[in-house]
Each structure stands twice: as structure tokens, then as C-alpha cells.
Amino acid sequence: MSFTEHNVNGLIYDTADGMSAVGGIRHAFTTRLGGVSPAPFDSLNFNEKNGDTQENVLENYRLLGQAAGLDMARAVGNKQVHSDLVRFIRAEDAGKLLYDTRPYEADALLTDVPGLPLVAYSADCCTILLYDPTSRCVGAIHAGWRGTALGIALKTLVAMMSAYGADPMTVHAAIGPSIGACCFETDADVPDAIRAELSESADRFIEKRGEKYHVDLKQVNRLWLLRGGLDPHNIEVHGDCTACRTDRYWSYRKLGLRRGGQIAVIALEDRT
């Protein structure tokens, strides 16, 4: 499966073809293109903590919702802490989107409430969307290297199974654009943390180059999902590296702190 680019009045986002084909949800992986934020946050920025105004960020949410068919006025975010914490989102959490109103410190959100978009934030880290059409639940995950090493993708899947009766054989997953092994250069602490949980099975996604290591975080997260029982055909992995494509994405590695951020978002459609 692949991803499809959408351009709605200059606002550009991607969707995962497999998830779209199943139906029953709306989702998007955003780029940095098509919003109202000025430089250095130009232009589709969803991070109001780096110097952009709340008004600009809220307008970017509105424009995305208009383009992708998502009610972003009801969307819910989290205060990401590079953990393996998973939280369940209820109808009363609707609209808790700006940082100071977000209900939890967590890195994964789950819900079975229709029309309640879940948001994961990134500027190089992996974002992962989960959808089970059988039990009708969705999840949005932020997986930095710490969350990846801790297996947050698998832990979120297990939480879906426990809380909602999700069937891993019918769950669909999409791993969005993030920093690739080409640009994710680290010291030994990162591969050591990943190997501590996945042992030698992760070795094919870790390459030593001189004194440094290059790690493919997207493929490590895919490995966690496979361990959870997902059908390999139901896992879609975006090919873009955010650090290579700063023309299209925000990258902490390449742009530092004075920059914007992108999101991944997913919501169940209301049944008619």
C-alpha cells in the first residue's frame, strides 16, 4: 500500500491508501504547506509553544479540518513526554487541543467515540495511526526513540484489544513521515535501548557507521506491530524522511527549536 497526497487550496496532507480503502474514518498526515503562520513557522504549523500565535495555530487546525473533513473543533491532543503512556479519550474531552488544555501527559490516545479526532504531534518522531473497523476504535501515537524502544506501538495495540475488543488481524496501521535511518544518527544509547527490548530481531534496522549508529525507527515500530499480530499487509509505512525534506516537513534535527510542527490525526466517522 502507498500514501496519497491531497492538495486542497494549497493545503497539503497525505492519507494512507489502505486505511482509506477500508472506510469508516477520516485521517491525515500533515506537511508544513498551506497554513497561515508566518516565517519561521511558515506555514502549516500546529505547535503554539515555539513562538507562533494561538490564533494562527487554531486557524491552521480549522483549515485542515475543512480540507480533510475532520471536525477539528472537537479534536483532542496530549502533552507528549516521550513515554509509553496510553490514555483513553471520552466525549467530554472534545476540544482539548491547545497545549494548556490537553487532558493528559501521554504519547498515545485511544477512543471509540465517533467524531472525536485524536492528534499526535511530530517534528521528526514517528506518528502512528491505528484503526480497527471490527470493534470501531482508533488510536494516535507519538513514538520518539524512547517510545519506540519501550514498544508504545504494541502497548497501544494491546490497550485497544483489552478495552474495545480489537482484533489484531483486522487492525490497520499507518506509520507517517518521520526521520529516516539516513539522518537519524545517534550514540549507542539508542540502539542499546532498542536491543534491550527486541534483542537481535532489531539488528537489521540498526547500522553502525564509524562511532555513530543509524536507526530506522519506522521499521522498528513496524516490528512491534507485527509482534502484536497485525497482518503485514495492513501496516503502511510512509517513505519520506522529514530531515531530508525540510521543504515539505518540519524537522527538529535540521531546523532546531524555532520551527513549526506537523500532526497525524484520525477520527471515526459517525454511522448513518
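Above this text is the structure in question.
Visitor: How would you sum up the overall build of the chain? Please name residues and give values.
Guide: Broken down by element type, the chain carries seven helices and 14 strands. By the compact-globule yardstick of 19 Å for 272 residues, the chain fits well, its C-alpha radius of gyration being 17 Å. Over its C-alpha atoms, taken along the principal directions, the chain stretches across nearly 45 × 45 × 30 Å. Buried residues in the chain amount to 55% of all 272 residues. Sequence separation of at least 24 residues holds for 66% of the intrachain contacts in the chain that already meet a minimum separation of 6. Roughly 10,800 Å² of accessible area belongs to the chain as shown, and the carbon and sulfur atoms make up 48% of that amount. For the chain, the centre of its 28 positive side-chain charges and the centre of its 35 negative side-chain charges are spaced 2 Å apart.

Visitor: Can you tell me about the pairing of strand 5 (residues 108-111), naming the residues and giving the values?
Guide: The side-chain alternation of strand 5 yields two buried faces, one formed by Ala108 and Leu110 and the other by Leu109 and Thr111. With four bridges connecting them, strand 5 and strand 8 (residues 137-143) associate as antiparallel partners. For Ala108, the partnering residue across the bridge sits in strand 8 and is Ile141.

Visitor: Tell me about the sheet that holds strand 13 (residues 235-237), and name the residues and values.
Guide: Read across the sheet, six strands follow the order 4-5-8-7-9-13 without closing on themselves; strand pairing throughout is mixed. The open sheet has two free edges, formed respectively by strand 4 (86-88) and strand 13, since each of these has just one partner strand. Neighbour-to-neighbour, the strand axes of the sheet open up by a mean angle of 15 degrees, direction not taken into account. Alignment of strand 7 (residues 126-132) against strand 8, held across seven bridges, turns out to be antiparallel. Paired with Tyr131 across the two strands is Val138, which belongs to strand 8. Lying on the sheet, helix 4 (residues 152-164) is in contact with strand 4, strand 5, strand 7 and strand 8; it crosses strand 8 at an angle near 160 degrees.

What counts, and at which threshold
Numbers given for residues are sequential positions, taken from 1 along each chain in its written order. With pLDDT at 70 or above as the cut-off, local features in this predicted model cover only qualifying residues; side-chain atom pairs require 80 or more to be listed or tallied, and sums for whole chains, interfaces and linings still use all residues. With hydrogens and water stripped out, all remaining heavy atoms of the structure feed into the side-chain values. Helix and strand assignments follow DSSP, with helices taken as H or I runs no shorter than four residues and strands as E runs no shorter than two, numbered in order from the N terminus. Note on method: radius of gyration uses C-alpha positions; expected globular size equals 2.2 Å times residues raised to 0.38. Think of it in three bands: with a 1.4 Å probe and only protein chains considered, a residue is buried below 20% of the maximum accessible area for its type, exposed above 50%, and partly exposed in between. Residues are treated as being in contact if the distance between any of their heavy atoms lies within 4.5 Å. The Shrake-Rupley method, run with a 1.4 Å probe, gives the accessible areas here. Residue values count only the displayed protein chains as cover. Charged-residue counts in this description rest on Lys and Arg as positive and Asp and Glu as negative, His and the chain ends being excluded. Positions of charges follow a simple convention, taking NZ of Lys, CZ of Arg, CG of Asp or CD of Glu. Strand pairing is assigned whenever DSSP identifies at least 2 bridges connecting the two strands. All axes are obtained by fitting lines to C-alpha atoms, using only the stretch in contact for helices, and the reported angles, taken between N-to-C directions, cover 0 to 180 degrees.

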